[in-house]
Amino acid sequence: MLPLWRGRGIREAGGRFSALGRELLGHWGAWRGAPGDSGACLVEKRLCPSSFLEPPPLGGGADAEEAEGQVPVASRNPELSGLASTDPSGQCRLAELLRSLMPRTLDGQITLEKTPSYFVTREAPGRIHGMSPDTKLIVVVRNPVTRAISDYAQTLSKTPGLPSFRALAFRHGLGPVDTAWSAVRIGLYAQHLTNWLRLFPLSRFLFVSGERLVSDPAGEVGRVQDFLGLKRVVTDKHFYFNATKGFPCLKKAQGGSRPRCLGKSKGRPHPRVPEAVVRRLRDFYRPFNRRFYQMTGQDFGWD
Ligand SMILES: Nc1ncnc2c1ncn2[C@@H]1O[C@H](COP(=O)(O)OS(=O)(=O)O)[C@@H](OP(=O)(O)O)[C@H]1O
């Protein structure tokens with residue numbers, strides 16, 4: 001097994017480093033070298049040493065191009081959802097499949113994998129733990145009410161004619177909140193985290209604020225770099241705020257001289273949701289949020 005934190009990476013082996021955006025916001029899976037890794041090869045395929053767990057769609061397929069190529073990180077697109085799958089076909093086959101899909105990395109590089117549904121999939125902690133109990137896990141979270149509306153906006157963009165947000169969020173009109181609706185359920189972060197903490201200690205997690213990724217991208221990305229044991233390569237000087245887009249952009253993409261912003265689907269308009277509906281959801285989430293703050297030792301300021 002190779003020590004993945006040693007040395008400086010030389011290249012980004014294909015794909016993007018989605019971690020640093022909301023990308024950073026998401027679910028990434030990383031493992032230390034898988035059993036059988038030999039220290040003899042310079043270039044090899046191995047599973048990732050850290051995981052981004054992004055409650056979808058806070059970071060599902062978003063392009064986290066911010067730091068592409070600027071850190072010793074290799075990632076792979078498309079996302080792999082093997083560990084979140086309910087296919088009972090066995091850890092080894094999945095592990096081998098994932099490993100075969102990983103880009104080749106040099107000693108000292110980190111390979112990342114992200115899948116939005118990891119964080120909310122009951123089987124994922126056991127599967128990841130079974131592959132490598134020292135996996136690092138990065139979870140990007142944002143206010144669950146905004147997350148639910150964003151989730152709905154994404155579904156609506158693909159499913160015209162969808163019932164209203166309010167009709168889906170509550171049972172019987174304005175009755176109890178419908179926790180069976182995935183847009184609501186995913187925001188119960190404390191519950192999902194409880195499932196992970198049965199197997200992974202809190203120290204294996206980094207919780208990234210989706211809000212601060214917008215207001216202070218360099219600060220959040222700095223925390224990610226520290227967590228991964230990377231040199232702080234990405235800093236304030238790499239970002240500027242694009243007021244039209246409402247997001248930070250990279251001053252220039254690696255290897256180019258032009259600014260690079262997130263794709264068109266980021267920052268899509270949210271439907272107008274009545275204030276009473278938002279208020280009720282805020283009240284509903286408050287105890288879960290508080291519990292999440294206690295569990296993580298971080299106040300995300302949603303309440
Ligand atoms: N880097 C970064 N920083 C902060 N926020 C970000 C970032 N990247 C994506 N996003 C926001 O995440 C929301 C989900 O994005 P998508 O709808 O594209 O979802 S998905 O990634 O395809 O699952 C979506 O939120 P809304 O725009 O509010 O709906 C994205 O804008």
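Residues numbered from 1 in each chain as written. Predicted model: local features only at pLDDT ≥ 70, side-chain atom pairs only at ≥ 80, totals over all residues. Heavy atoms only, no water.

Per an unreviewed UniProt entry, the protein goes by the name Sulfotransferase and belongs to Acinonyx jubatus.

Draft legend 1. Representation of the state of the cysteines within the structure. All chains considered together, the criterion is met by one disulfide. The disulfide that involves C249 links it to C261, with 2.1 Å between the sulfurs. Taking the torsion about the S-S bond as the criterion, the C249 to C261 disulfide, at about 105°, is right-handed. Taken together, the residues C249 in strand β10 (residues 247–250) and C261 in the loop between β10 and α9 (275–296) connect sequence positions twelve residues apart. In this structure C261 comes out as partly exposed when scored by relative accessible area, which is 23%. (Disulfide = S-S within 2.5 Å. Helix = DSSP H or I, 4+ residues; strand = E, 2+ residues; numbered from the N terminus. Buried < 20%, exposed > 50% of the residue type's maximum accessible area, 1.4 Å probe, protein only.)

Draft legend 2. Expanded view of the packing of helix α6 (residues 189–197) against α9. Running from amino to carboxyl end, α6 crosses α9 at an angle of 35°, the nearest separation of the two axes being 8 Å. For the pair formed by α6 and α9, the contact residues are Y189, A190, Q191, L193, T194 and L197 on the first element and F288, R291, F292, M295 and T296 on the second. For the contact of α6 with α9, the residue count by class is seven nonpolar, three polar and one charged. (Axes fitted to C-alpha atoms, helices over the stretch in contact; angles between N-to-C directions. Contact = heavy atoms within 4.5 Å. Nonpolar A, V, L, I, M, F, W, Y, C, P; charged D, E, K, R; others polar.)

Draft legend 3. Structural view of the UniProt feature "domain: Sulfotransferase" (unreviewed entry) in the protein. Within this numbering scheme, the UniProt entry marks residues 131–286 as carrying the feature "domain: Sulfotransferase" (unreviewed entry). Helix makes up 40% of residues 131–286 and strand 12%. Its end C-alpha atoms lie 35 Å apart. (UniProt positions renumbered as here; feature names shortened; annotations may be inferred.)

Draft legend 4. Molecular detail of the packing of helix α3 (residues 144–158) against α9. Direction vectors running N to C along α3 and α9 enclose 125°, while the axes themselves pass 9 Å from each other. Classified by the angle between their axes, α3 and α9 sit oblique to one another. Contacts between α3 and α9 involve P144, V145 and I149 from the former and V278, L281, R282, Y285 and N289 from the latter. Grouping the amino acids of the contact of α3 with α9 by side-chain chemistry returns six nonpolar, one polar and one charged. (Parallel < 35°, antiparallel > 145°, perpendicular 65-115°, else oblique.)

Draft legend 5. Summary view of the nonpolar core. Of all hydrophobic cores here, the largest spans 21 residues; its most connected members are L193, W196, F205 and F292. Secondary structure elements with two or more residues in this core: α2 (124–131), β7 (136–141), α6, β8 (205–209) and α9. A per-element tally of this core places α6 first, with four residues. Core analysis: the next-biggest nonpolar cluster, separate from the first, contains 18 residues, A148, W181, A183 and V278 among them. (Core = buried A, V, L, I, M, F, W, Y, C linked by side-chain atoms within 4.5 Å.)

Draft legend 6. Fine view of unusual backbone geometry. Residues other than glycine seldom take positive phi values, yet H172 does so here, at roughly 50°. With respect to the helices, strands and loops of the structure, H172 is situated in the loop between α4 (165–169) and α5 (182–185). Relative accessible area serves as the criterion here: at 70%, H172 is assigned to the exposed category.

Draft legend 7. Looking closely at the pattern of salt bridges. One pass over the full model with this rule turns up six salt bridges. In this structure, R147 and D151 form a salt bridge, with 2.8 Å as the shortest nitrogen-oxygen distance. Pair noted here: R147 and D151 are both in helix α3, with a separation of four residues, about one helical turn. Given the relative accessible area of 1%, R147 is considered buried. Among the salt bridges present, the one from D283 reaches R286, with a minimum N-O distance of 3.0 Å. A residue pair is termed a helical-turn pair when its members lie 3 or 4 positions apart in one helix, as D283 and R286 do in helix α9 at three residues. Shared partners join several salt bridges into a network, and the residues in it are R212, E220 and R223. (Salt bridge = Lys/Arg side-chain N within 4 Å of Asp/Glu carboxyl O.)

Draft legend 8. Highlighting the environment of A276. One can find A276 in helix α9. Residues A276 and V214 lie 62 residues apart in sequence; the distance between their C-alpha atoms is 27 Å.

Draft legend 9. A look at the packing of aromatic side chains. Per the counting criterion, the structure on display carries 17 aromatic pairs. Look at F205 and F207: their rings are 5.6 Å apart centre to centre, the planes differ by 5°, and that puts the pair in the stacked class. Neither F205 nor F207 differs from the other in exposure class; each is buried. On the basis of relative accessible area, F207 is assigned to the buried category, the value being 2%. One aromatic cluster in this structure is built from Y189, W196, F200, F205, F207, F292, Y293, F300 and W302. Residue placement shows K136 over the ring face of F227; its charged tip is 5.1 Å from the ring centre. (Phe/Tyr/Trp six-rings, centres within 6.5 Å; stacked < 30°, edge-to-face > 60°. Lys NZ or Arg CZ within 6 Å of the ring centre and 35° of its normal.)

Draft legend 10. The pairing of β8, seen in detail. Counting buried positions over the five residues of β8 gives five, a clear majority of the element. Here β8 shows no split at all, with F205, F207 and S209 on one side and L206 and V208 on the other all buried. With five bridges joining them, β7 and β8 adopt parallel strand pairing. Bridge pairing in β8 places L137 opposite F205. (Pairing = 2+ DSSP bridges.)

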